Amino acid sequence: MNAAKRREIFERLRAANPQPTTELEYETPFQLLIAVLLSAQATDKSVNIATRKFFPQYGTPQGLVQLGEAGLTEFIKTIGLFRTKAKNAVATSRIILEQYRGVVPQSREALEALPGVGRKTANVVLNTAFGMPTMAVDTHIFRVSNRTGLAPGKNVLDVELKLEKVVPAEFKQDAHHWLILHGRYICVARKPKCPQCGIADLCDYRSKTPA
Ligand code: SF4
């Protein structure tokens, strides 16, 4: 795919949704971090339903440490991998409280050192809470980047590095949100909605769904 096509894809995605953001609900960088940590292999919707119940009272590092693993488990039981997530969320809260005076660190290295925080979670927090132009490649972005030919790669890191290279500067901040939403609602895994797709004429996918 050439640069002009890539630019046109982002022009159209931006025109359709000028201010994209995450569908996770949060009020502080800390709450975003916890919400993303809980969202692994779970839908944003299910995470929002759970966090609405404990963020108002316990949505700070002190709050989660006070709530403890058993207490948090009660609130997130409906989410996959809830035991591990409760353990990681409380351990992460404790480190933020003790090592960073309760403030979420703004470096990738520090974020990735927190329990349960991988590269993708760090990228979401750096991008969405701190305004850095990182690409948090999830399953949706991976699929869209490969199908369209925008940034094909064998694994998520491959795709992330390619996107960083080829996405024009003005779109970098919002690119991952547009691609996630496109993958979640239009370029869906099983039967992509190509007849409704706003970038179909720019997409290189050979097995497009017929109209
Ligand atoms: S045309 Fe189809 S495969 Fe290509 S981006 Fe759109 S929905 Fe996805």
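Residues numbered from 1 in each chain as written. Predicted model: local features only at pLDDT ≥ 70, side-chain atom pairs only at ≥ 80, totals over all residues. Heavy atoms only, no water.

- The chain has the name Endonuclease III in an unreviewed UniProt entry, where Bordetella genomosp. 12 is given as its organism.
- Under Catalytic activity (unreviewed entry), UniProt gives the following word-for-word description of the chain: "2'-deoxyribonucleotide-(2'-deoxyribose 5'-phosphate)-2'-deoxyribonucleotide-DNA = a 3'-end 2'-deoxyribonucleotide-(2,3-dehydro-2,3-deoxyribose 5'-phosphate)-DNA + a 5'-end 5'-phospho-2'-deoxyribonucleoside-DNA + H(+)".
- The Sequence similarities (unreviewed entry) comment attached to the chain in UniProt states, word for word, "Belongs to the Nth/MutY family." (UniProt positions renumbered as here; feature names shortened; annotations may be inferred.)

## As for the overall build of the chain
- When helices and strands are tallied, the chain shows ten helices and zero strands.
- Along the chain, from the amino end to the carboxyl end, the secondary structure elements read α-α-α-α-α-α-α-α-α-α.
- With respect to the principal axes defined by its C-alpha atoms, the chain has extents near 55 × 30 × 30 Å.
- Counting across all 211 residues of the chain, residues that qualify as buried make up 47%.
- The long-range fraction of contacts in the chain, counting pairs at least 24 apart against all pairs at least 6 apart in sequence, stands at 59%.
- Of the roughly 10,800 Å² of accessible surface on the chain, 52% is carried by carbon and sulfur atoms.
- For the chain, the centre of its 29 positive side-chain charges and the centre of its 19 negative side-chain charges are spaced 6 Å apart. (Helix = DSSP H or I, 4+ residues; strand = E, 2+ residues; numbered from the N terminus. Buried < 20%, exposed > 50% of the residue type's maximum accessible area, 1.4 Å probe, protein only. Contact = heavy atoms within 4.5 Å. Areas by Shrake-Rupley, 256 points an atom, 1.4 Å probe, with all protein chains shown as cover. Lys, Arg positive; Asp, Glu negative; His and termini not counted. Charge placed at Lys NZ, Arg CZ, Asp CG, Glu CD.)

## A few points about the nonpolar core
- Ranked by size, the top nonpolar core spans 34 residues in total, and within it Phe-54, Leu-64, Leu-72, Ile-76, Val-104 and Leu-111 carry the most contacts.
- Of all elements in the fold, only helix 2 (29-38), helix 3 (44-58), helix 4 (61-76), helix 5 (82-99) and helix 7 (119-129) reach the threshold of two or more residues within this core.
- In terms of residue count, the dominant contributor to this core is helix 2 (eight residues).
- Leaving out residues up to four positions away in the same chain, Ile-76 has contacts with Leu-38, Ala-50, Phe-54, Phe-82, Lys-85 and Ala-86. (Core = buried A, V, L, I, M, F, W, Y, C linked by side-chain atoms within 4.5 Å.)

## Remarks on helix 4
- Here helix 4 spans only 17 Å end to end across 16 residues, well under the 22 Å set by a 1.5 Å rise per residue.
- Along helix 4, the largest kink reaches about 95 degrees and is centred on Gly-68.
- Taken as a whole, helix 4 has its buried residues at Pro-61, Gly-63, Leu-64, Leu-67, Gly-68, Leu-72, Thr-73 and Ile-76. (Expected span 1.5 Å × (residues − 1). Bend = angle between axes of the 7 residues up to and from the residue.)

## Regarding the pattern of salt bridges
- Using the criterion set out here, one finds 13 salt bridges in the structure.
- The closest approach of N and O atoms between Arg-7 and Glu-11, which form a salt bridge, is 3.8 Å. Highlighted residues: Arg-7 and Glu-11, both in helix 1 (residues 3-16), separated by four residues, approximately one helical turn.
- For Arg-7, a relative accessible area of 33% puts it in the partly exposed group.
- A relative accessible area of 29% means that Glu-11 is categorised as partly exposed.
- A salt bridge links Glu-112 to Arg-108; the nearest nitrogen and oxygen atoms lie 3.3 Å apart. One end of the pair is Glu-112 and the other is Arg-108, both in helix 6 (residues 108-112) and four residues apart, which spans about a single turn.
- Residue classification places Glu-112 among the partly exposed positions, given a relative accessible area of 32%.
- With relative accessibility at 23%, the residue Arg-108 sits in the partly exposed group. (Salt bridge = Lys/Arg side-chain N within 4 Å of Asp/Glu carboxyl O.)

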